[in-house]
Amino acid sequence: MGAGIVNFSLFATHPLHKHYCRKPATMADFYDELTYETNPFPETHPGNLEALGRLFGIPTVSAQQCRVLELGSATGGNIIPMAARLPGSEFVGIELSAAQVDIGQRIIRKLELPNIRLEVGDILNLEPAMIGQFDYIIAHGVYSWVPKAVREKILQLAGECLTLTGLAYISYNLLPGWRMRGSLRDLLLHATRRVDGAEAKYKAAIAALERLQQALQGAETDSQRYVQQEIAYLLRAHPSYLLHEYLAGENNAFLFSEFLADADRHGLQYVCETDLHTLFDTTLSPPAQAALADIDDPLQHEQWMDFVRMRAFRKSLLCRADLPLEREIDIDVFTTFFFSANLRLQGAENLDNTQASTFLTPDNSELSVTHPLSKAALLYLQAVHPYSPDFAELAAQAEQRVRQAGSNPYAGERHELVSELFSLYSYRAVYGHLHPCTGKPELPEYPRAVELARLQAREGWNSVASIRHQALSLDAFSSRLLQELDGTRTAPELTQYLLTEALAGRLEIPGGKQSQTSGKGLEKEISDNVKHLLNVFARHGLLAMVRLSI
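Numbers given for residues are sequential positions, taken from 1 along each chain in its written order. Reporting in this predicted model follows two pLDDT cut-offs: at least 70 for local features of residues, and 80 or more for side-chain atom pairs to be given and counted; totals over whole chains, interfaces and linings ignore these cut-offs and use all residues. In computing side-chain values, all of the structure's heavy atoms are included and hydrogens and water are not.

The protein chain is annotated in an unreviewed UniProt entry as Methyltransferase regulatory domain-containing protein of Thiothrix nivea.

Below is the structure:
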């Protein structure tokens, strides 16, 4: 456990009840008026930060026995699942909105979690002596949206509150790429300038986006197509994202080099990005690689890659400046990880050649994988997810599968597996862990959902946190099924109950077909959905009877 343990009873009574941004009352009221949708962000999980630090030679503290501080924790959608899954660690969340903290505190009380506190707090008033030291500090979606004084305070707290081997995660808008997104902010600020209230502002903003979308039909320039993509995303995003991201009083962007200089003044040094692939110029075109080849300083090289990519956002890790740091990633450390991947093969297996196979991520993004060992490894991870084998088991399983396919020449090329597996890890398509997820998912006869997932569903959240700290989206049917998984009914009994609810008009069936289907047809549709969702819930570690631990 990290140093500087805080007595929670003392912390709870400290006068923190002020808005850390010192915004005018109207802005604070606007923020309270529409609760920000908070989801789990897997890149911020202490297990992910722990593993990334190890790759750069940092002896990071175990995620299972650490202290975590989140600045700007909203309703706790990110750190409450961490606390529920990591009972041996301590979590503190500081949030400006009392309304959002109330929601999070209610969930914590219902879950009876003793290892987490959410507090209404003013970042400017936080002092290291008061809050102690932390192994991991998280500031996701805060840094760019607060005034300079608060940004300086965030870096000061990171510099003084991190343990010797601690890591701070800070996300922020980035120049030059943000300038294109900034044009949409200009539009939305103009369109809503005479409108008051969250709902009215949202409607005015949507109307402006739809008008611009219509005006850009048939657009040919790259910048216009980029704006079209952003508009399409905003039109389907949660209202809180549009309002807080684009209409907030503060929205700042910085050059990477400016961020590094600010961090350096507070005794911090840069470690890496959570999106590791962005560190490598091999992701650039050959002409771009050649143009940047003579830049020896790795940080200056990254700055230039931002210019080339027109990158708009970073998720950076910092550590104390006095901590020895390896700039080269230690691949030998990587092969000590445990691995997981929630991917599915598109098409037929081809383990006897190096022709590319396509694997789909949960959001249907396509991954091209070429080496037979890599394909076989992903097939194994797919079959056992969320169980996480170590590299030796994964390689042995892949080798056996490749030999069975008649590809003996490829079966011993473990170096090719390491290379392709690391590439997938760097894109966060494969996850590496320092602690295994043990036990392969099996469906119990009487399925019971973990209390966190049931509670999130009962509270009307649009997603629940998986065992891998990923957001699993819910529709009305899956949300209702989660709430009903109390361990007292079998799958057929659940089907009959939900059928009764659907026929009574109290439950919407996916696709809205209950009005067109009746009797056995509707029963089969519900039964198929129940079976499918139970398997999905099991694979995401949401069933309490499935013996999984991390």
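Further notes follow.
Trainee: What is the right way to read the overall build of the protein chain from this model?
Mentor: Looking only at helices and strands, one finds 23 helices and 15 strands in the protein chain. We compute the radius of gyration over the C-alpha atoms and compare it with the globule rule, which gives 2.2 Å times the number of residues raised to the power 0.38. Computed over C-alpha atoms, the radius of gyration of the protein chain comes to 24 Å, within 12% of the 24 Å expected from 2.2 N^0.38 for 550 residues, which places it in the range of a compact globule. Principal-axis analysis of the C-alpha atoms gives the protein chain an extent of 60 × 60 × 60 Å. A simple rule labels every residue: compare its accessible area, found with a 1.4 Å probe on the protein chains alone, to the largest value its type can have, and call it buried under 20%, exposed over 50%, or partly exposed in between. Every one of the 550 residues in the protein chain was classed for burial, and the buried ones make up 54%. Of the contacts formed within the protein chain by residues at least 6 apart in sequence, a portion of 77% connects residues at least 24 apart. Only the protein chains shown count as cover for residues, with accessible areas throughout obtained via the Shrake-Rupley method and a probe of 1.4 Å. As presented, the protein chain carries roughly 23,500 Å² of accessible surface, and 50% of it is formed by carbon and sulfur atoms. In this tally, Asp and Glu contribute negative charge and Lys and Arg positive charge; neither His nor the terminal groups of the chain are included. Charge positions come from single atoms, namely NZ of Lys, CZ of Arg, CG of Asp or CD of Glu. On the protein chain, the mean spot of the 50 positive side-chain charges and the mean spot of the 65 negative ones are 5 Å from each other. A run of DSSP states H or I qualifies as a helix once it reaches four residues; a run of E qualifies as a strand once it reaches two. Both are numbered from the N-terminal end. Any two residues whose heavy atoms approach within 4.5 Å are treated as being in contact.

Trainee: I keep staring at the pairing of strand 4 (residues 134-139) and nothing clicks. Help me out?
Mentor: Consecutive residues of a regular strand have side chains that alternate between opposite faces of the sheet. With 6 of 6 residues buried, strand 4 lies mostly within the body of the structure. Pairing between two strands requires that DSSP report at least two bridges joining them. Two elements, strand 1 (residues 67-71) and strand 4, share 3 bridges in a ladder whose sense is parallel. Pairing of Glu 70 across the sheet is with Ile 138, part of strand 4. Pairing of strand 4 with strand 5 (residues 162-174), which is carried by 5 bridges, proceeds in the parallel orientation. Considered in strand 5, the bridge of Ile 138 is made with Tyr 169. Looking down the strands as they point away from you, a crossover is right-handed if its path from the first strand over the helix to the second goes clockwise. Regarding the hand of the β-α-β motif, the stretch spanning strand 4, helix 7 (residues 148-161) and strand 5 is right-handed.

Trainee: I'm lost on the nonpolar core in this one. Help?
Mentor: General note: in soluble globular proteins, nonpolar side chains tend to be found buried as a group. If you look at the biggest cluster of nonpolar residues, it comprises 105 residues, and the most contacted ones within it are Leu 71, Ile 154 and Leu 276. Among the elements that take part in this core, helix 16 (residues 372-384) stands out by supplying 8 residues, more than any other. Filtering out sequence-adjacent residues up to four positions away, Leu 71 remains in contact with Ile 94, Ile 123, Leu 126, Ile 137, Ile 138, Ala 139, His 140, Val 142, Ile 154 and Leu 157. Counting 27 residues, the second largest nonpolar core, distinct from the first, contains Ala 449, Ala 457, Leu 485 and Leu 507. We call a set of buried residues a nonpolar core when its members are Ala, Val, Leu, Ile, Met, Phe, Trp, Tyr or Cys and they connect through side-chain atoms within 4.5 Å of each other.

Trainee: What should I look at first to understand the packing of aromatic side chains in this one?
Mentor: Centre-to-centre distance and the angle between the planes together describe a pair of aromatic rings. Pairs were defined over the aromatic rings of Phe, Tyr and Trp, the Trp ring being its six-membered one, requiring ring centres within 6.5 Å. Orientation was assigned from the angle between planes: stacked under 30 degrees, edge-to-face over 60, tilted for the rest. Under the definition given, this model contains 18 aromatic pairs. With a centroid separation of 4.1 Å and 20° between ring planes, the pair formed by Tyr 172 and Phe 259 is classed as stacked. With Tyr 172 in strand 5 and Phe 259 in helix 12 (residues 256-265), this residue pair connects regions lying 87 residues apart in the sequence. Measuring from ring centre to ring centre gives 6.1 Å for Phe 337 and Tyr 425, while their planes differ by 65°; the resulting arrangement is edge-to-face. Placement of the pair is Phe 337 in the loop between helix 15 (331-334) and strand 9 (338-340) and Tyr 425 in helix 19 (residues 414-426), with a sequence separation of 88 residues. Through a chain of ring-to-ring contacts, the aromatic side chains of Phe 280, Phe 334, Phe 337, Phe 339, Phe 391, Phe 422 and Tyr 425 assemble into a single cluster. For a ring to carry a charge above it, either NZ of a lysine or CZ of an arginine must fall within 6 Å of the ring centroid while also lying within 35 degrees of the normal to the ring plane. If you follow Arg 489 out to its NZ or CZ, it ends over the ring of Tyr 497, 4.9 Å from the centre.

Trainee: Even after reading the chapter, I still don't get the sheet that holds strand 10 (residues 344-346), so can you show me in this structure?
Mentor: Pairing between sheet strands relies on hydrogen bonds along the backbone, with the strands arranged either parallel or antiparallel. Pairing within the open sheet is antiparallel, and its 3 strands lie in the order 10-11-12. Strands at the two margins of the open sheet, each flanked by one partner only, are strand 10 and strand 12 (366-369). Looking at each pair of strands side by side, their axes are set apart by 40° on average, direction ignored. Both strand 10 and strand 11 (residues 357-360) contribute to a ladder of 3 bridges, which runs antiparallel. Axis definition: a line fitted to C-alpha atoms, limited for helices to the stretch in contact. Angles are taken between N-to-C directions and run from 0 to 180 degrees.

Trainee: Please explain unusual backbone geometry as it appears in this structure.
Mentor: Working note: non-glycine residues mostly have negative phi, and peptide bonds are mostly trans. Pro 176 follows Leu 175 through a cis peptide bond whose omega is 5°. Mapped onto the secondary structure, Pro 176 falls in the loop between strand 5 and helix 8 (178-191). Omega for the peptide link from His 385 to Pro 386 comes to 10°, which places this bond in the cis form. The backbone of Glu 112 sits at a positive phi, close to 55°, despite the residue not being glycine. By secondary structure assignment, the location of Glu 112 is in the loop between helix 5 (98-111) and strand 3 (116-120). With phi around 70°, Asn 364 is a residue other than glycine that occupies positive phi space. Among the structural elements, Asn 364 can be located in the loop between strand 11 and strand 12.

Trainee: Just to check I follow, could you spell out the pattern of salt bridges for this structure?
Mentor: Salt bridge, as applied in this entry: a Lys or Arg side-chain nitrogen positioned within 4 Å of an Asp or Glu carboxyl oxygen. Enumeration according to the criterion identifies 30 salt bridges in this entry. Close ionic contact of Glu 484 with Arg 489 constitutes a salt bridge, the shortest N to O distance being 2.8 Å. Side by side, Glu 484 and Arg 489 carry an identical accessibility label, which is buried. A cluster of three or more residues bridged by salt bridges with shared partners is formed by Glu 273, Glu 302, Asp 306, Arg 311 and Arg 314.

Trainee: Explain helix 9 (residues 198-215) here, please?
Mentor: Working note: α-helix, 3.6 residues per turn, so residues spaced by three or four point in the same direction. In this scheme, a helix's expected span is set at 1.5 Å multiplied by one less than its residue total. Between the first and last C-alpha of helix 9 there are 26 Å, a value that for 18 residues agrees with the 26 Å anticipated at 1.5 Å per step. Buried residues of helix 9: Ala 198, Lys 201, Ala 204, Ala 205, Ile 206, Ala 208 and Leu 209, and no others.

Trainee: Looking at this model, I keep getting lost on the environment of Arg 414. Mind explaining?
Mentor: With respect to the helices and strands, Arg 414 occurs in helix 19. Put simply, Arg 414 and Leu 86 are 328 residues apart on the chain and 33 Å apart in space, counted from C-alpha to C-alpha. With near-sequence residues (within four places) excluded, Arg 414 lies in contact with Leu 373, Ala 392, Ala 395, Ala 396 and Glu 399.

Trainee: How do you make sense of a negative patch on the surface when you look at a structure like this?
Mentor: Taken together, the side chains of Glu 326, Glu 328, Asp 330 and Asp 332 define an acidic patch exposed on the protein surface. You can see Glu 326 is positioned in the loop between strand 8 (313-320) and helix 15. Exposure above 30% relative accessible area and no salt bridge define the residues that can form patches, which grow by joining like charges within 9 Å and nonpolar side chains of Val, Leu, Ile, Met, Phe, Trp and Tyr within 5 Å.

Trainee: Teacher, can you tell me more about the state of the cysteines here?
Mentor: Think of a disulfide as a covalent bridge from one cysteine sulfur atom to another cysteine sulfur atom. Criterion for a disulfide: a pair of cysteine sulfur atoms at a distance within 2.5 Å. In the structure shown here, the tally under the stated rule is 0 disulfides. Here Cys 272 stays free of any disulfide, with the sulfur of Cys 319 as its closest cysteine sulfur at 9.5 Å. The buried category is assigned to Cys 272, whose relative accessible area is 0%. Cys 437 forms no disulfide, and the closest cysteine sulfur to it belongs to Cys 66, at a distance of 18 Å.

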